[in-house]
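Given next are the chains, with one letter for each unit.
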Amino acid sequence: MASELEPEVQAIDRSLLECSAEEIAGKWLQATDLTRELYQHLAHYVPKIYCRGPNPFPQKEDMLAQHVLLGPMEWYLCGEDPAFGFPKLEQANKPSHLCGRVFKVGEPTYSCRDCAVDPTCVLCMECFLGSIHRDHRYRMTTSGGGGFCDCGDTEAWKEGPYCQKHELNTSEIEEEEDPLVHLSEDVIARTYNIFAIMFRYAVEILIWEKESELPEDLEMVEKSDTYYCMLFNDEVHTYEQVIYTLQKAVNCTQKEAIGFATTVDRDGRRSVRYGDFQYCEQAKSVIVRNTSRQTKPLKVQVMHSSIVAHQNFGLKLLSWLGSIIGYSDGLRRILCQVGLQEGPDGENSSLVDRLMLSDSKLWKGARSVYHQLFMSSLLMDLKYKKLFAVRFAKNYERLQSDYVTDDHDREFSVADLSVQIFTVPSLARMLITEENLMSIIIKTFMDHLRHRDAQGRFQFERYTALQAFKFRRVQSLILDLKYVLISKPTEWSDELRQKFLEGFDAFLELLKCMQGMDPITRQVGQHIEMEPEWEAAFTLQMKLTHVISMMQDWCASDEKVLIEAYKKCLAVLMQCHGGYTDGEQPITLSICGHSVETIRYCVSQEKVSIHLPVSRLLAGLHVLLSKSEVAYKFPELLPLSELSPPMLIEHPLRCLVLCAQVHAGMWRRNGFSLVNQIYYYHNVKCRREMFDKDVVMLQTGVSMMDPNHFLMIMLSRFELYQIFSTPDYGKRFSSEITHKDVVQQNNTLIEEMLYLIIMLVGERFSPGVGQVNATDEIKREIIHQLSIKPMAHSELVKSLPEDENKETGMESVIEAVAHFKKPGLTGRGMYELKPECAKEFNLYFYHFSRAEQSKAEEAQRKLKRQNREDTALPPPVLPPFCPLFASLVNILQSDVMLCIMGTILQWAVEHNGYAWSESMLQRVLHLIGMALQEEKQHLENVTEEHVVTFTFTQKISKPGEAPKNSPSILAMLETLQNAPYLEVHKDMIRWILKTFNAVKKMRESSPTSPVAETEGTIMEE
């Protein structure tokens, strides 16, 4: 067979080799209808060069294509021998100040942690080594392929945007100088002609869908009966399935089948048989039959050899265009103009639009070739990058829907170019204001999550495999939203305000669908049968965490936006829980002469959900009102008087009670799914927008309520109201020994509730809640992590929350709070807490897990013993609250709080008659300590005309009223000081009594202290 083919192949080659590029170009220059000439030339020669047999010969094809097809185009374009023409163009061209090197897979990339505007700004190795960033804190990663070097982009770097090599090109940058001035009129006209015709040809042939006929201007006179059976890549079938199927279908060896499969995976398609139509069709039917059992079959087409030939040349052309425009910015500008020029059909008819919208129909190889071309043309020309960005945004919904239904990975989709466009701050702003991009992204995202329950909330249970697959793909939209928001605006225009707030509305709609999703009910009796689906909801929450934080940062940067956003968020929360009673019956609670109306609601019996993003966003915005002082500047613009504190606290409180009950072992029968949810709720990845914000929301509520009312509602939700409102309830309760586990549960719940009160009063390290800044907050996190044990850098970083730039802010403060101990011969270098920071240790720090808390307590007591000090761990001195939260401290001296403290101390004094625990007592002692510290600070900072209304010391010195005449809290502490069964807490009690005496002395010596008998609480309006 081989001998027969030889002369024919040689003969073809000879006629092709005799072509002269110069002559052909000359003929084209004379032509009246250039398009027709070119198409005839291609129709005649392309099938003679490409696809001449079962196996491709790339070297030979490239050589002939250069000689017969591309060579003449280069002559035509230059008007002379391209060997002289191109170097001339290159000399006339001003070299670009952008690097634009496209990364290959696995190539190292560098980002500067000090100067990059966001983590997607990267440098190639060469630019990095020649830049100022090599001496900064930098991050090195390996590229997944497809991105490019941002050297020279002034919007990507806070300083040092150019490396030494590209610096040279910036000396005479004229802003927006037209690159075409460096080209002669003739070259411009000829380039325009050739680019317009060839780019259109390439696009048309690549998106051509017929399998056996060509576009009519490319049809040949005599058509051979030669076909290919073309196998396409998909991400559903495995290598093994494909190899096995091919061996059966085209009876090839395993080695050949592996070769086919590898090429299909790499390039996206490969012909597996060459011959007449029947012969190929037969292979196709075997492949389809063999792969359609479980899944959709492999995609196979029987294509005429001439179509494949033209498509192969089309790809070659796009690569050629990419290399030609490298000679001159002028040529690049012409290609951009050609690509974005609207065709005859109006909207979406430009070549660039047509390629983008056919993206998911193209095979891998074709996609990556045209994506590369877009990157080296449209994205490297600042004027056209802007125009391309607009086209991309206008088609955003369609591109994303194509991506979601397509099965190729993100890096092979044109949708992946969003990272190149949306992260440019000026483009992102323009797209938000002119194309309403924020709303478009969020709405597109919502459109793909159609599964809702009766209340309109997302429903992820019993997802089919296909829905789960779509859900994974849809998450990339959240990433796009993150890119758009990543750099905060420094100045706001009215249009930006309006469009951001429209986007914010859409975002609230999204959060509204999450508020209360995946509700759970406590299992009683038997263990839950099916573990419910919980991961999807948490995946969504985790992906959105940074977006929620960034939304708040945007709101914080403009007072008008903040006020509007706060109102909108409150309105949506009212919609979610306007009738927050949900038909539960109202009840009245009363303790110590205070009474409050609330509803009957038991977390342990009703539905409860851990997802409350609307409440948490409002909590975040409330803190910003305080931090930015908007709350004090424009109170008349804010709906603060309309707020209903009981409604605000209801759902976050239920969530915290749920955690307490899970900890008390009341939800064991609900299985691991709940344990996991509680774990993530507190986990460093989620807590910033979950647990932390729930604490803030309760702080917001308490600061606007009578603390007695708050505490009663809280007792009721913790299901402890009975114990503290009924005299002697504890005694009756503990006499019925039958309920051993119920006693245990109640003790844990009381401990958890006291812990929560400690948090509400003590957690003031968020800027806006307390008078602190962000550094204080990080310092405190680090102090508490290092008080557990010394840690290596990597361990410490893992325990701190990252912001959207993957930074924890640790490096800036670590020196202030820790010493670095160099590693010995083996092991790692460790950070150790500086001894003077120990006084800031808070045993009840709210980010400790149970295990961390007991380790930290152990470590700190050990340290004190080594230093020969007593082992008390008193509460640290706290920064003052911001004015908006200032009334919160009154919870410590409220009647109900004193009643709770007194009751528990009473149990401890008569320790045999009651069920109580040492942890409970320890927490009460901590709270008493906090109140004394608070009063001490009030007295220290008091001014002449103010009366200190915080009078805790007086209240704990007074014995109870008749008829009970219970001893005062102070008297009970003095009794407990000598109790033999409280050895561990002696030092703490001693510290309290010492501090009490010190505060009392200060009171007596302070000139402005009339004995204020009045309750220092701020009553509800």
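Residues numbered from 1 in each chain as written. Predicted model: local features only at pLDDT ≥ 70, side-chain atom pairs only at ≥ 80, totals over all residues. Heavy atoms only, no water.

**So, the overall build of the protein chain**
Tallying secondary structure elements over the protein chain gives 42 helices and 9 strands in all. By the burial criterion, 56% of the 1021 residues in the protein chain qualify as buried. Here the contacts in the protein chain between residues at least 6 apart in sequence split such that 77% fall between residues at least 24 apart. With an accessible surface of roughly 45400 Å², the protein chain has 51% of that area assigned to carbon and sulfur atoms. The centroid of the 109 positive side-chain charges in the protein chain is displaced by 5 Å from the centroid of its 139 negative side-chain charges. (Helix = DSSP H or I, 4+ residues; strand = E, 2+ residues; numbered from the N terminus. Buried < 20%, exposed > 50% of the residue type's maximum accessible area, 1.4 Å probe, protein only. Contact = heavy atoms within 4.5 Å. Areas by Shrake-Rupley, 256 points an atom, 1.4 Å probe, with all protein chains shown as cover. Lys, Arg positive; Asp, Glu negative; His and termini not counted. Charge placed at Lys NZ, Arg CZ, Asp CG, Glu CD.)

**So, the pairing of strand β3 (residues 227–232)**
Among the 6 residues in β3, 6 count as buried, and that is most of the element. Where burial is concerned, the two faces of β3 agree: the one with Y227, C229 and L231 and the one with Y228, M230 and F232 are both buried. Of the strand pairs in this sheet, β3 and strand β4 (residues 269–275) are connected by 6 bridges, and their pairing is antiparallel. Across the sheet, residue M230 finds its bridge partner in β4, namely S271. (Pairing = 2+ DSSP bridges.)

**Describing the side chain of T444**
With respect to the helices and strands, T444 occurs in helix α20 (residues 437–448). In this structure, T444 is in contact with Y396, E397, Q400 and L477, ignoring residues within four places of it in sequence.

**Notes on unusual backbone geometry**
With the exception of glycine, most residues fall at negative phi, and the peptide bonds are largely trans. Positive phi, close to 55°, is recorded for N436, a residue that is not glycine. Its location among the elements puts N436 in the loop between α19 (425–435) and α20. For N436, a relative accessible area of 16% corresponds to the buried category.

**Section: empty space enclosed by the protein**
A probe as big as a water molecule, rolled over the atoms, marks out the empty space that is left. Across all of its chains, the model carries 6 cavities of 30 Å³ or more by this definition. Volume-wise, the largest cavity comes out at about 90 Å³. Forming the boundary of the largest cavity are L843, Y844, R861, T871, A872, L873, Q922, L925, H926, V984, H985 and M988. It is helix α39 (residues 918–940) that contributes the most residues to the lining of the largest cavity, 3 residues altogether. Class assignment of the residues belonging to the lining of the largest cavity gives a composition of 7 nonpolar, 4 polar and 1 charged. (1 Å grid on protein atoms, 1.4 Å probe; cavity = no way out; pocket = protein on both sides within 12 Å on 5 of 7 lines; lining within 4 Å. Points joined across faces, edges and corners; volume = space filled by probe spheres on them. Nonpolar A, V, L, I, M, F, W, Y, C, P; charged D, E, K, R; others polar.)

**A closer look at the pattern of salt bridges**
Any two side chains of opposite charge can pair, on the condition that their charged atoms come close. Using the criterion set out here, one finds 43 salt bridges in the structure. R113 is paired through a salt bridge with E811; the nearest N and O atoms lie 3.0 Å apart. Taken together, the positions of R113 in the loop between β1 (108–112) and α6 (125–129) and E811 in helix α36 (residues 810–817) put the pair 698 residues apart, joining distant regions of the chain. R113 sits in the partly exposed class, given a relative accessible area of 24%. We classify E811 as partly exposed; its relative accessible area is 26%. Among the ionic pairs, D453 bridges to R457, the shortest N-O distance being 3.1 Å. For the pair formed by D453 and R457, the shared burial category is buried. One continuous salt-bridge network, built from bridges that share partners, spans R113, D114, R137 and E811. (Salt bridge = Lys/Arg side-chain N within 4 Å of Asp/Glu carboxyl O.)

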